[in-house]
Every structure is written in structure tokens, then in C-alpha cells.
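Close look at the chain arrangement
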Amino acid sequence: MIKPAGNPWQQMPKDAARRVDIETSYNFFWITDSKGRYGLLITFGFLLADIEIEDKVKGISIVKSSDGSSGKLYFVLNNNKDWEIFLSVCTDLVFMSSSSADETGMIPVINKRIVRWQKFLSENSSVSMPEILQMGLLTELYCLLYNVIPSVGCKEAISCWVGPDADKKDFSLSDFFIEVKSFISSKGPNVKISSLHQLEFETKPLYLIAYGLSKTNSGYSIIDLIAAINECIPEDDRETIELFETKLAGYGYAADITEAPFYSFKVDAERWYLVSQEFPKILAGSIDSRISAVQYSIDLARCIKFEAKPPFNNN
């Protein structure tokens, strides 16, 4: 399903319904209620009374009802001024659930999508991403696309990508961890370590990869890299698609919702370091237990002896 170019509710009077323009045997309708609020209706050939449906999404009312032997699931926007975000939610629900084998199979898909949107809309009050956050996401996506996917395949690579959790490594592969860092090339290779656990490696080796970036109009943006990674995922692999979207949402990015500007960067340098016992770092076990959080910077220009080759079989 292609997201409608405009507002599909704009010309609809109150208490109206119009079938969503999609080739499917399932029943999806754009609706307006008695107050003129925008909504989406999904109807089923069975009752929903005893079926658990996730029902909490910021700014959206979700209601089950019955009509004879049919079940109806309503999604109603509380404030019509938020219609653009709501349209993305509705388009996503229709697209993902319409691929189900039958109406019963639509229920778990709908619940998963509701949970995803619940998480995204509750955690992200802004519809744009700061430049520094885009830099971090861009370098992780770059590593995912050009290092991890060629080595282990798209599905496993996305599973190995941890996402924006500061206390965990960015990638956890079967034989090693990867921590991804970025720096502005003109300012030199100083990278920030944001937790006491980022450079711990008790269970398997840890590699730190640092990318030198320059801001430019002709480089990569997160939009470019997300599109390239999506091209690697088979269209019928819904599980991997959902997982990738969920991890992007954790960073504050959702397609058709997160707004420009999207910054472009040229990758000037890619340097790998093996984080050995001698590598400069601060670990939880080496400081007073009453210190609960630490942030510090490492000058990688002075860490040349720890440089290593990428640990992939394809390199």
C-alpha cells in the first residue's frame, strides 16, 4: 500500500466511511465520527469481545465493538491537527495486517504494530532528529550495511544490531562485539564513551570502530542508508522488517513521521581498534562503587598500537 499523498479524510462529512484504496479481501475504511474526528475502521467476520487488543497509543483512541456476528476495531484520532502522524500509523496498520494469511492472523500483527507505535509516540516528542543523534545512527547504519550484512547476512545482522542502548555494545555477533563511534574529521579522532560498560568485554573480544565524518551535501544521510538496508531485506520477511523499524524507532526515527533536515556526511576514515586489557578505558570495577555513571573521551590518535584489521571473514 502506498501512503495517500494528501489527507484522505479532508472531504468527508461527519459520520462517514470510505473503503481504503488497497487490493485486499479484508475490510479497511477511512472514517469520521459524529464529532468529525478522523479514524480508521477494520472489520472482521468474527466477534472481538474475547480477543485481546492493545488499546493504548498516545493521542489515539482504540475501541472494539460488535455488529451482529461481525467485529469492529476503531482507531480514532483525538485531535485532527495530528492527522499526518495518524495517517502514517493507519497506513502502517493496513499495509502490515493486509499481508496476513487470514483475518485471525491479522490480530497479532495489529497488536505488534500498536505496541511499536505506542513506544515510538510515547518516547519521541520531537518529529526531527538532532544532528549529533543523526551522526550516531548514520555510523551504525554504515557499519551494518558495509561490514556486518556482507559478513552474516541481512536477517542476522539486524538481529545483532543492539540499537541505541548506551549500556550495551552496538553489535553483538557470535564471536565478538563491535562498538561504533564517530568524530568530526576536522576536529581529530576524539570519541566519547558514555557509560562504564561500553568497553567491557568479559565474554568475547570487543572491537571499537571509529568513523571520521565531514558534513557535505554529497555524502550519505540516514535516509540513504535506511533505504539501502531495506533493499537488502526480502519483502516477505515481515519479522526482519518489523525488527529493523523497531530499532530505528528506538533512535527516534520513523518513516514518514521524522521530519527534515536530514544531514549528509562523507565518511573520511574507518579505523578499527581491538579493545584489549591495555586499551585506555574506565571500567566499573576500577572506580568507587558509589560512582554510578561516567562519561569520558579517548584520543584515538594516541591509540595507534591498538589498531586492528576488521574481524570479518569477508575482509
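Right above here is the structure, for reference.
Structure report, in brief. (Residues numbered from 1 in each chain as written. Predicted model: local features only at pLDDT ≥ 70, side-chain atom pairs only at ≥ 80, totals over all residues. Heavy atoms only, no water.)

All chains considered together, the criterion is met by 16 aromatic pairs. Centroid distance W9 to F86: 5.4 Å. Interplanar angle 25 degrees. Geometry classified as stacked. Here the residue W9 occupies a position in the segment before β1 (16-19), and F86 occupies one in helix α1 (residues 83-97), the gap between them amounting to 77 residues. As far as burial versus exposure is concerned, W9 and F86 are alike and both buried. With 6.4 Å between their ring centres and 65 degrees between their planes, Y253 and F262 make a pair best called edge-to-face. Aromatic ring contacts, followed pair by pair, group W9, W30, Y38 and F86 into a single cluster. It is K169 that lies over the ring of F177; its NZ or CZ is 5.2 Å from the centre. Its end group placed over the ring of F177, K204 keeps NZ or CZ at 4.6 Å from the ring centre. (Phe/Tyr/Trp six-rings, centres within 6.5 Å; stacked < 30°, edge-to-face > 60°. Helix = DSSP H or I, 4+ residues; strand = E, 2+ residues; numbered from the N terminus. Buried < 20%, exposed > 50% of the residue type's maximum accessible area, 1.4 Å probe, protein only. Lys NZ or Arg CZ within 6 Å of the ring centre and 35° of its normal.)

This next bit is on the nonpolar core. Of all hydrophobic cores here, the largest spans 39 residues; its most connected members are L141, L144, V148, W161, F171, I178 and F244. Ranked by residue count, the leading element in this core is helix α3 (residues 131-152), at 10 residues. Once residues lying within four places of it in the same chain are set aside, the contact partners of F171 are E140, C143, L144, V148, A157, C160, W161, V162, F176, F177, I178 and V180. With 36 residues, the next largest nonpolar core counts L93, I107, F120 and A254 among its residues. (Core = buried A, V, L, I, M, F, W, Y, C linked by side-chain atoms within 4.5 Å. Contact = heavy atoms within 4.5 Å.)

To continue, consider the packing of α3 against helix α6 (residues 238-251). Interhelical geometry of α3 versus α6 gives an angle of 155 degrees and a closest axis separation of 11 Å. Taken together, the axes of α3 and α6 are roughly antiparallel relative to one another. Between α3 and α6, the residues in contact are L133, G136, L137, E140, L141 and L144 and F244, L248 and Y251, respectively. Its residues assigned to classes, the contact of α3 with α6 comprises seven nonpolar, one polar and one charged. (Axes fitted to C-alpha atoms, helices over the stretch in contact; angles between N-to-C directions. Parallel < 35°, antiparallel > 145°, perpendicular 65-115°, else oblique. Nonpolar A, V, L, I, M, F, W, Y, C, P; charged D, E, K, R; others polar.)

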